[in-house]
Amino acid sequence: MPTPPATTAKKRRACDACNRRKIQCDGEPPDTQCNWCFHHGEKCTWNRVPRPRGRARQDRSRSTTRSDSHPVPDSRPDPTDPPANTDANTHALTAPQGQSLPQLADKLSGPLSVSPLTIQSPPRTTLPQDLLPPSVSEPGPCFGKLHFAGYNLGDINSYHGIPTFSPDGKAFIRSRTGQDAVFEQVPPAGHEQDPRRLRATLLSKLQAIDHPEQHLTLPDRHIVEEHVRFFCTSFFKLEFPIVDCVLFRDTVNTAYEPLRGPGSPEAIRAKACVFSFLSVMSLFEPERQPTSPPVDGDVFASKTHSLLPLALQELNLTVLQTVLMLAIHRLFSGQVPSASLLHSLACRIMFMLGGHNLPDPWLMNSFADRATRERRHLRRLFWLCFMIDKEIALRTGQPPAIDDDQCDLTLPEGYLEVQYVDRSLYNPATLVNDSAIPVMPGDLRLGLIKSKACKLLYSTEAMKKTDAELLRDIRELDDELEQWRLSVPLQHRPVLSMPRNGARTESIQCPEGIRTIVIHFEYHYLVATVHRATSRCGPESSELAGIRMSQLLTVEASRSTLLYLRFAIDVLLEEAFWIIVFYPMTAASCLFFSILIDPLNPNSQQDLDLLDLVPELIKRIRLRTLTQSEMYHLKIVDDFLAELIRLGRCAVEYAKAKAYEEKSPDEQQSKMTTWS
């Protein structure tokens, strides 16, 4: 008797909640509730459209081209879903006085169900293109990605550090505050200016140099000489060695030689270099104490841009200086996308000149021959390119332009001895001496750690690492950061955690200058950046002590950034505004999301009070006359901070109301007494 064919059991279809979480479902449509939904008080639904299988799916995939295909819809939990364990989310996110953060982390009784804010590129998952706003879904420059609890919440604007929230991000905020976020539209990355407000200003500046001969018109020579004298006798020369004083004087002489005919290539390159130098020096007018009228850096930057096609016909040290100084001007003006493009060009020129593999030429006689002087200056420009490269990479989330494996990264001999020497010890005679070792805008050792963080945590290969591998790299970087911190002299050393009262202690001294302040901000931002990478860990790793400690460190580092801004506000210089403002803005966003996680935590109210101070602190930095573009972006900054504060307060009130509704009448009366 023939055996009957085996019947194929119908494959069980998971409910919508289990499908999103990729877990096994034992529910039966339409009425049988699955185990997961039963224990979480949810209703089982089967509303999603089934995906085609087998041949139909293959046919559809063949008919869909790569150019118009959409990413697979996100399989993560709905942001409006209630947390699985509310009580586990009420751990303090700060270290009490006298306790270290690792000690505090060990005392945590449970995991945090939501990971903190993270910036990464590229993202692990994306939303369907038709659900994204135009600024995210349309092709264009892509900068740092904002991730939180595994959701792609939008982009980080590298101009001022403000997120552009995606629909997922707005839904998450709504689920925690009960309010719709109302943020002024932030221009997409790569658009630093509001065309409606700035068109007239830009046209007037372009018309001022509309004729080709005006591109070559130099200011009076005494103006240039005054700026050169200031640079060559100031500490700025050691922090930003953008030109060699002897070589640049030859460049000035070439620029001011009478032209014959349309202009020699050497003279055009020299003029472009002088224009670029003046654009950078215009940022430091208050320190210069000028005897001549201030120069318009934007005009000279525009002239440099117009001459670049001619200057790039032949690549040499003068052209490298020109492009790099123009990138620095854009960076200090807050135009990070433009600075990133120019910096990449400067790096390519530097590679062609061989600056990345030069042996240490800094320690030499100040009367060295021209070739030796050029090699020394080329190596200085390499380190400037390196420091700027790692800063831009961390801010934008894009790959760095400099591959460390292709460079000689041996620190210059004698560098560590002068790294934290007080300015008072640099007398004018020392500054004039060209053999003085530059200290650079930041600690080169911290730049090396930034580079390692980009590679180990935020590169394409890093996105493929397991949770264990990621945690191992985070511990390694954290150890290196701590070793660096302990090597810094006490007067300049960043503290692990700033006290809320801002009082000076033996380990917290008033900073001597902007460089010390920037190093503090860089350290706290780097700590947060390293430990934010734990947000990529899966839910099965959420109970690990390393994850909890990283969450603590992320929030505490952001909190310390804002507290240090309040502590050092009187020492900040106006020319560093757009370099500095990025740090408190990203810290404020992180602190805001920590409030959304646990609005009833006692620290949440203190963090709200701290956020209240940020707008006034930022206003105290901006002293000089701002351009229309800067005023436009500052309004966005002010409005964004005001909305963060409003939503933070709403989150606290919303959580109180929900907790009140869940209590019995006696408990409600007790809670009302406690909150009042």
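Rules and cut-offs
Residues numbered from 1 in each chain as written. Predicted model: local features only at pLDDT ≥ 70, side-chain atom pairs only at ≥ 80, totals over all residues. Heavy atoms only, no water. Helix = DSSP H or I, 4+ residues; strand = E, 2+ residues; numbered from the N terminus. Buried < 20%, exposed > 50% of the residue type's maximum accessible area, 1.4 Å probe, protein only. Contact = heavy atoms within 4.5 Å. Areas by Shrake-Rupley, 256 points an atom, 1.4 Å probe, with all protein chains shown as cover. Phe/Tyr/Trp six-rings, centres within 6.5 Å; stacked < 30°, edge-to-face > 60°. Lys NZ or Arg CZ within 6 Å of the ring centre and 35° of its normal. Salt bridge = Lys/Arg side-chain N within 4 Å of Asp/Glu carboxyl O. Disulfide = S-S within 2.5 Å. Polar contact = N/O pair within 3.5 Å; in protein donor to acceptor, adjacent residues only side chain to side chain. Expected span 1.5 Å × (residues − 1). Axes fitted to C-alpha atoms, helices over the stretch in contact; angles between N-to-C directions. Parallel < 35°, antiparallel > 145°, perpendicular 65-115°, else oblique. Left-handed = near helix turned anticlockwise from the far one by under 90°. Nonpolar A, V, L, I, M, F, W, Y, C, P; charged D, E, K, R; others polar. pLDDT = per-residue confidence, 0-100.

Chemist: Before we go on, may I ask you to explain the overall build of the protein in this structure?
Modeler: In terms of helices and strands, the protein carries 28 helices and four strands. Taking all 676 residues of the protein together, the buried fraction comes to 53%. By sequence separation, contacts in the protein at least 24 residues apart represent 75% of the contacts at least 6 residues apart. Accessible surface, the protein: about 31,500 Å² in total, of which carbon and sulfur atoms supply 53%.

Chemist: How should the packing of aromatic side chains be read in this particular structure?
Modeler: The geometry of an aromatic ring pair is captured by two quantities: the separation of the ring centres and the angle between the planes. Scanning the model with the defined rule gives 18 aromatic pairs in all. With 5.6 Å between their ring centres and 80° between their planes, W383 and F386 make a pair best called edge-to-face. Of the two residues, W383 and F386 both sit in helix α17 (residues 370–396), three residues apart, roughly one turn of that helix. Under the relative-accessibility criterion, W383 is labelled buried at 0%. Between F521 and Y583, the ring centres sit 5.6 Å apart and the planes meet at 15°, which makes this aromatic pair stacked. Of the two residues, F521 is situated in helix α22 (residues 514–532) and Y583 in helix α25 (residues 582–597); the sequence distance between them amounts to 62 residues. What makes Y583 buried here is its relative accessible area of 2%. The rings of F231, F236, F240, F248, F277 and F332 are connected pair by pair, giving a single aromatic cluster. In this arrangement the basic side chain of R395 is found over the ring face of Y583, its NZ or CZ atom lying 5.1 Å from the centre.

Chemist: Please explain the pattern of salt bridges as it appears in this structure.
Modeler: Pairing is possible between side chains that carry opposite charge, provided their charged atoms lie close to one another. Within this structure, the stated rule accounts for 25 salt bridges. Across the pair E461 and K464 runs a salt bridge whose closest N-O atoms are separated by 3.4 Å. Each member of the pair, E461 as well as K464, carries the same accessibility label: exposed. With its nearest N and O atoms 2.4 Å apart, the salt bridge here joins K465 to D473. Here K465 falls in the partly exposed class, since its relative accessible area comes to 21%. Overall, the relative accessible area of 3% leaves D473 in the buried class. Connected via shared salt-bridge partners are E391, R395, K450 and E522.

Chemist: Help me understand the state of the cysteines, please; the structure alone is not making it clear to me.
Modeler: Each disulfide is one covalent bond, formed between the sulfur atoms of two cysteines. The tally for this structure, following the rule as stated, stands at one disulfide. Between the sulfur atoms of C232 and its disulfide partner C245 the distance amounts to 2.1 Å. When the S-S torsion is -120°, as for the bridge of C232 with C245, the disulfide is left-handed. Remark: C245 occurs in helix α11 (residues 245–255) and C232 occurs in helix α9 (residues 221–232); sequence separation between them is 13 residues. Among the residues examined, C232 registers a relative accessible area of 7% and is labelled buried. Take C245: its relative accessible area is 5%, and that puts it in the buried class. C37 forms no disulfide, and the closest cysteine sulfur to it belongs to C34, at a distance of 3.5 Å.

Chemist: Quick question: what am I supposed to make of unusual backbone geometry here?
Modeler: Excluding glycine, residues mostly carry a negative phi; peptide bonds, for their part, are mostly trans. Here M440, not a glycine, exhibits a phi torsion of approximately 70°, which is positive. Position of M440 relative to the elements: it lies in the loop between α19 (428–432) and α20 (444–458).

Chemist: Which parts of the structure should I look at to understand the side chain of R445?
Modeler: Along the chain, R445 turns up in helix α20. Within the local environment of R445, its side chain forms a polar contact with the side chain of D443, the two groups lying 2.8 Å apart. Sequence-distant contacts of R445, that is, excluding residues within four places in its chain, are made with L411, L416, Y420, W484, S487 and V488.

Chemist: Would you mind going over helix α12 (residues 265–281) with me for this structure?
Modeler: Since one α-helical turn is 3.6 residues long, residues separated by three or four positions face the same way. The first and last C-alpha atoms of α12 sit 25 Å apart over 17 residues, in line with the 24 Å expected at 1.5 Å per residue. The element α12 is extensively covered by neighbouring structure, given that 15 of its 17 residues are classed as buried.

Chemist: Is there a simple way to explain the packing of α11 against α12 in this structure?
Modeler: The axes of two packed helices give the description: the angle between them and the distance between them. One can describe the packing of α11 onto α12 by two numbers: an axis separation of 8 Å at closest approach and a directional angle of 120°. With respect to each other, α11 and α12 are oriented oblique. Two packed elements cross with a definite hand, and for α11 against α12 that hand is left-handed. Here F248, T251, V252, T254 and A255 of α11 lie close against α12, whose contacting residues are E266, A267, A270, K271, C273, V274 and F277. Considered class by class, the residues forming the contact of α11 with α12 number eight nonpolar, two polar and two charged.

Chemist: I'm lost on α20 in this one. Help?
Modeler: With 15 residues, α20 extends 20 Å between its outermost C-alpha atoms, agreeing within 8% with the 21 Å of an ideal straight helix rising 1.5 Å per residue. In terms of burial, α20 is largely enclosed, as twelve of its 15 residues are buried. Considered for burial, the residues of α20 that qualify are L444, R445, L446, G447, I449, K450, S451, A453, C454, L456, L457 and Y458.

Chemist: So what exactly am I meant to see when it comes to the packing of α20 against α22 here?
Modeler: Across the interface, α20 lies against α22 with an axial gap of 11 Å and an inter-helix angle of 20°. Classified by the interaxial angle, the pair formed by α20 and α22 is roughly parallel. Along this stretch, α20 crosses α22, giving a crossing that reads as left-handed. Taking contact as the criterion, the partners of L446, I449, K450, A453, L457 and Y458 in α20 are, on α22, I519, E522, Y523, L526, T529, V530 and R532. Each residue belonging to the contact of α20 with α22 can be placed in one class, and the counts come to nine nonpolar, one polar and three charged.

Chemist: Would you explain the confidence of the model for the protein in this entry?
Modeler: As a general rule, the predicted coordinates of low-pLDDT regions are not to be interpreted in detail. On average, the protein scores 74 in pLDDT, and the residues at 70 or more come to 64%. Across the protein, the secondary-structure element scoring lowest on mean pLDDT is helix α5 (residues 134–137), at 32, and the one scoring highest is helix α15 (residues 317–332), at 95. In the model, residues 4–9 has pLDDT below 50 throughout and makes zero contacts with residues more than four positions away in sequence or in other chains. Ignoring residues within four places in sequence, the model shows residues 54–143, a span with pLDDT below 50, making 180 contacts including any to other chains.

Chemist: I would appreciate a short explanation of the environment of R48 in the present structure.
Modeler: Relative to the assigned elements, R48 resides in the loop between α2 (35–39) and α3 (54–63). A sequence separation of 32 residues divides R48 from D16, and the C-alpha atoms of the two residues are 6.7 Å apart. Beyond its immediate sequence surroundings of up to four residues, R48 is in contact with R13, A14, C15, D16 and N19.

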